[in-house]
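Listed below, chain by chain, are the residues.
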Amino acid sequence: SPVKTPDRGEGKSGGREASVSFPCAAMASRRFSPLLFLSLTVCVYAAAVTGIPQAPKQRLRTLFAQPQPDRVLVCPRERLPLRKELSIYGATKRETRVSEAGVRYPVTRAYVDLLASSGRSSSQKGLTPNQLADELKELFATRVQTQMFRTPLLSYVYERGWRQNFKNAGFPGIEKEYDEVRQFFQPVADGVVVDMSCGSGLMYRRLVKSGEYGRVIACDYSEAMLRETRRRSIAEGLSAASLELCRCDVAQLPMRDGSVDAMHAGVCLNEEPSSGLDIN
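Conventions and cut-offs
Residues numbered from 1 in each chain as written. Predicted model: local features only at pLDDT ≥ 70, side-chain atom pairs only at ≥ 80, totals over all residues. Heavy atoms only, no water. Core = buried A, V, L, I, M, F, W, Y, C linked by side-chain atoms within 4.5 Å. Buried < 20%, exposed > 50% of the residue type's maximum accessible area, 1.4 Å probe, protein only. Helix = DSSP H or I, 4+ residues; strand = E, 2+ residues; numbered from the N terminus. Contact = heavy atoms within 4.5 Å. 1 Å grid on protein atoms, 1.4 Å probe; cavity = no way out; pocket = protein on both sides within 12 Å on 5 of 7 lines; lining within 4 Å. Points joined across faces, edges and corners; volume = space filled by probe spheres on them. Nonpolar A, V, L, I, M, F, W, Y, C, P; charged D, E, K, R; others polar. Salt bridge = Lys/Arg side-chain N within 4 Å of Asp/Glu carboxyl O.

Chemist: Explain the nonpolar core here, please?
Modeler: It is characteristic of soluble globular proteins that their nonpolar side chains tend to be buried jointly. Membership of the largest hydrophobic core comes to 25 residues, with the highest contact counts inside it found for F185, V193, Y204, L207 and V216. Among the elements of the structure, α7 (174–185), α8 (202–210), β9 (215–220) and α9 (223–235) are those that each provide at least two residues to this core. Here this core takes 5 residues from α8, the largest share from any one element. F185 has contacts with V193, L207, Y213, A262, M263 and H264, leaving out every residue within four places of it along the chain.

Chemist: Looking at this structure, I do not really get the layout of surface pockets. What am I missing?
Modeler: The rolling of a water-molecule-sized probe over the atoms marks out the regions of remaining empty space. Its volume calculated, the largest pocket comes out at about 680 Å³. E95, R97, V107, A240 and L243 are, among the 30 residues lining the largest pocket, the residues nearest its centre. Looking at the lining of the largest pocket, the elements with two or more residues in it are β3 (82–89), β4 (92–99), α8 and β9. At 4 residues, β4 tops the list of elements feeding residues into the lining of the largest pocket. Of the residues belonging to the lining of the largest pocket, the class tally is 16 nonpolar, 4 polar and 10 charged.

Chemist: What's the story with the pattern of salt bridges in this structure? I'm lost.
Modeler: Where side chains of opposite charge bring their charged atoms close, a pairing between them can arise. This structure, assessed with the given rule, holds 13 salt bridges. Among the ionic pairs, E236 bridges to K209, the shortest N-O distance being 2.6 Å. One end of the pair, E236, is in the loop between α9 and β10 (245–247); the other, K209, is in helix α8, with 27 residues separating them in the sequence. For E236, a relative accessible area of 37% puts it in the partly exposed group. Judged by its relative accessible area of 45%, K209 is partly exposed. Across the pair E228 and R231 runs a salt bridge, and its minimum N-O distance is 2.9 Å. Taken as a pair, E228 and R231 lie in helix α9 at a separation of 3 residues, close to a single helical turn. By relative accessible area, which is 8% here, E228 ends up buried. One connected set of salt bridges, linked through shared partners, spans D70, R215 and E244.

Note that every value here comes from positions in space, so none of it alone points to a role or purpose.
Rendered as structure tokens:
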């Protein structure tokens, strides 16, 4: 609490003054008894607790709610800042991202889902009819290529032959591409960089391993690709804590204006609907 606890009198407890007083003078002259001893013990403990500094309580709260909003990620709907919120029920831990308007976005084991349709208000239970209609419209309006990349099969074969075939279209290969990206990103070392439409994490893993950037975020519309990115990253020795994966839509990027120093988007513009508008 920001309100300072007033001093209680003489004597010190927990770094702040506290005292114990009896309801009446006669109580002090009463015959000693176990019950009276227990009462006095409770009174002393209660007086001491009132003098406990609030800092430990504040630190405890930060374990369950991020004190400051995220400097990059925002709600894709209202563009409001997001905070991390953690709930623990027995052995079950549930993490969410919450906007200032109370819209909650789920966090899975692999990624934070910042798709606009994934957000739920505090009072909402399940999808409303309008939201269901919007999701169906989005499903049928989205190009076939976008939905194809959401399949587990394609995420499985992507680095097992699919990506290698890009050489036939003139791509120099991931190592040459990474060298070019690293040179382009050199002026923003220690900054925030994003691998948009990261796929299975070919470029993202190299950016994280380099250790040259303060924050590296991988984004993709495909849940299967994000899970594959996490699996391959951990298999290559990266810790789960070092990964930051985000599911989002390029048409509604959940990022503050001016918060990203550099962005990589490789082999993806042909898969994104209305890509010209998205780039603008």
